[in-house]
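Chain and residue survey
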Amino acid sequence: MSDDEEVYGVTLLAPLREQPPPPSRVDIATAIRTGNHRRRVRMTLAGTACLVVVVLVAVGIISTLPTAGTTAGGSTEAGMFDPLIRNLDVTPVAGFVYRAFTAEAVQQTIMLVRSSATTDSFTQAKVTIYAVGKQPNTLGFDWSWPTTLAEPVHGRASYSFDDCDPVCGAGLVWQWRADSWASVIVEGPDNRVRDPQGLSAARQIAAATQTGVSIPVRTPMTVPRPAGMRVVAFSDGPAVRVVFNDPPGPNGPNGPAPPHMLQVTAFYRLGRVTSTTMVDGHPAHVERGNVTVLNLAGDWSLEVLDTKPDQNPFASTDSLVRYARTVRFVANPDDRSTWVSPLR
Amino acid sequence: VSDATVEYVDYVTGHLPQLRRVAHALAGDAHRADDLVQETITKLFVHWRKASQASNLDGYVRTMLVRTFLDERRLRWARVRLTASVPEPAPAPDHDSAEGVTVRAALAQLPHRQRAVLVLRFLADLSVDEVAEVMRCSPGTVKSQTFHGLAAMRRLLGEPAPSVKEL
């Protein structure tokens, strides 16, 4: 790099160096509070991973888990979930409202929040079912592995917890099938404040959990499946997302991760995004591996994200834009009753 | 309050203006810059015991900031408003000079990594090798990104390209 270039760069950015920053929303106290929360989460997860193994071995569950071949509504031959089939539902529970559903091959989750929650609170409940043979060693956060035998859930053995070690929360785990686990976690209103109704709420949510369903997912848009790729995840909440992946390599799903994923997301009222160009008359942010078309259908924006744009057919932004143009929204995406199956 | 927390608060308080200046150049707008800094100092608190032992704490924190910025597009989910009733924050008052606004707008059009290289090189005053370490790439890549980033800035600002001889 030449000295001239160096001088040009420094001179160019000089106006950004000299001016005073605008008023700040940065809050050190919040950083400490959130940081403490994350520290506890990290400790809990690490402890949970160890305890899960110990507990499962102790009760002899691992030896009873079949390795493959079990099927149920919507599950695949290998006992995994089809991300486009919802096998989990929760009927309305007093005090909670639905927030989001996510599905992958190994687990499906419904997130609920307390009716009184604000966007700043951590108060939420999470219901998860795991695929065959997938022990819940990644269960949520803010809770300790349960060791207390509880009342059966849907006629199956369950364990509960309700404590503040290291943070406050309550929940249940049970076997939703003879060979698969489910969990409900209800967080406390604050990390250090126990919710006296937490376990009761967890029981209510567990009782309201339906695991025998097989419901095709619906989206406000249809997307073509890129050649050679398969759907590996789906989520429906503040945004609706379909995730494609390359097929597994010769070692199957346990082998190295496929080289790249393509995420197609419909965002409702997406936050600030700087537009860099126009796509079909809509402002858009286009950069390598990422095309975001703003307000493509009313308040709905579309994002197509490629995680490794160096190694696939979407290496150029042009090809990614071409793909984005093939995504079609329904006429009135605000009306969920008009949503459709995502693939076409 | 532990001694470590006091040290953390002292450090962050003293370095906040610098972090916010770099974050503002990276993010392009004040709100996202504050989000970046907030996330960075939160991560810093989580890792403070290790970070405070670093031989170059400023570099450690700067790397955290840039990695957070580069990872940010993968975290776009977090920017989605969760309910329709939550208002967008009002735009921050614009403190930029006309020249600053122009430069910031041009910078915002660069790809993330190119933008980060220019900001680290010419605003944070890091050497090529230091930028390479932060960006986890080779010095050659930093030089190449710098060249292409400056060329793009010239184009966007309507400035004539220097001759090959000049470079």
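Residue numbering note: each chain is counted from 1, following its sequence as written. Throughout, the order in which chains and ligands are written sets their labels, letters from A for the former and numbers from 1 for the latter. In view of the model being predicted, local features appear only for residues whose pLDDT reaches at least 70, and side-chain atom pairs are presented and counted only at 80 or more, with totals across whole chains, interfaces and linings using the full set of residues. The basis for the side-chain values is all heavy atoms of the structure; hydrogens and waters are excluded.

A few words now on the overall build of chain A. Check the secondary structure of chain A and you find four helices and 20 strands. Using a 1.4 Å probe on the protein chains alone, a residue whose accessible area is under 20% of its type maximum counts as buried, one over 50% counts as exposed, and one in between counts as partly exposed. Within chain A, buried positions represent 50% of all 344 residues. When contacts within chain A are restricted to residue pairs at least 6 apart in sequence, long-range pairs at least 24 apart make up 54% of them. To measure how exposed things are, a 1.4 Å probe is used in the Shrake-Rupley method; for residues, cover is taken only from the protein chains shown. For chain A, the exposed area adds up to about 15300 Å²; of that, 54% sits on carbon and sulfur atoms. Helical segments are the DSSP runs of H or I of at least four residues, strand segments are the runs of E of at least two, and each set is numbered from the N terminus. By the convention used here, residues are in contact when the closest approach between their heavy atoms is within 4.5 Å.

Side-chain rings of Phe, Tyr and Trp (the six-membered ring for Trp) are treated as a pair once their centres are within 6.5 Å; stacked means planes under 30 degrees apart, edge-to-face means over 60, and tilted covers the remaining angles. Per the counting criterion, the structure on display carries seven aromatic pairs over all chains. Centroid distance phenylalanine 101 of chain A to phenylalanine 234 of chain A: 6.4 Å. Interplanar angle 50°. Geometry classified as tilted. A residue pair is termed long-range when its members are at least 10 positions apart, and phenylalanine 101 of chain A in strand β3 (residues 96–104) and phenylalanine 234 of chain A in strand β13 (residues 230–236) qualify at 133 residues. Judged by relative accessible area, which is 0%, phenylalanine 101 of chain A ranks as buried. For phenylalanine 234 of chain A, a relative accessible area of 3% gives the class buried. Centre to centre, the rings of tyrosine 11 of chain B and tryptophan 48 of chain B are 5.9 Å apart; their planes meet at 45°, and the pair counts as tilted.

Let's shift gears to the nonpolar core. For soluble globular proteins, nonpolar side chains are generally found buried alongside one another. Formed by 58 residues in total, the largest nonpolar core has its most connected members in Ile205 and Phe244 of chain A. Looking at this core element by element, the count peaks at six residues for helix α3 (residues 198–208) of chain A. Judged by nonpolar contacts, the second largest core, of 55 residues, contains Leu107, Leu110, Leu126 and Met135 of chain B. Among buried residues, the Ala, Val, Leu, Ile, Met, Phe, Trp, Tyr and Cys ones that are joined through side-chain atoms within 4.5 Å form a nonpolar core.

Quick look at the packing of helix α1 (residues 3–27) of chain B against helix α6 (residues 112–122) of chain B now. Residue and element names in this part refer to chain B. Contact geometry of α1 with α6 gives a least axis separation of 9 Å together with a crossing angle of 150°. With respect to each other, α1 and α6 are oriented roughly antiparallel. Where α1 crosses over α6, the two elements pack in a sense that is right-handed. Each of Val22, Ala25, Leu26 and Ala27 in α1 lies in contact with α6, whose residues at this interface are Arg115, Ala116 and Val119. Nonpolar residues are Ala, Val, Leu, Ile, Met, Phe, Trp, Tyr, Cys and Pro. Charged residues are Asp, Glu, Lys and Arg, and all others, Gly as well, are polar. Here the residues of the contact of α1 with α6 are counted per class, giving six nonpolar, no polar and one charged. Think of each axis as a best-fit line through the C-alpha atoms, taken over the contacting stretch in the case of a helix, with angles from 0 to 180 degrees between the N-to-C directions. Each angle is binned into one of four classes, with values under 35 degrees roughly parallel, values over 145 roughly antiparallel, values of 65 to 115 roughly perpendicular, and all other values oblique. Rotating anticlockwise by less than a right angle from the far helix to the near helix defines a left-handed crossing, while the corresponding clockwise rotation defines a right-handed one.

All names here are of chain A. When pLDDT is averaged across chain A, the result is 76; 69% of the residues are at 70 or more. Confidence, expressed as mean pLDDT per element, reaches its minimum in chain A at helix α2 (residues 28–58) with 57 and its maximum at strand β12 (residues 221–222) with 97. Low pLDDT (under 50) marks residues 45–77, which in the prediction has 49 contacts with non-local residues, meaning those over four places away or in another chain. In predicted models, pLDDT denotes the confidence assigned by the predictor to each residue on a 0 to 100 scale.

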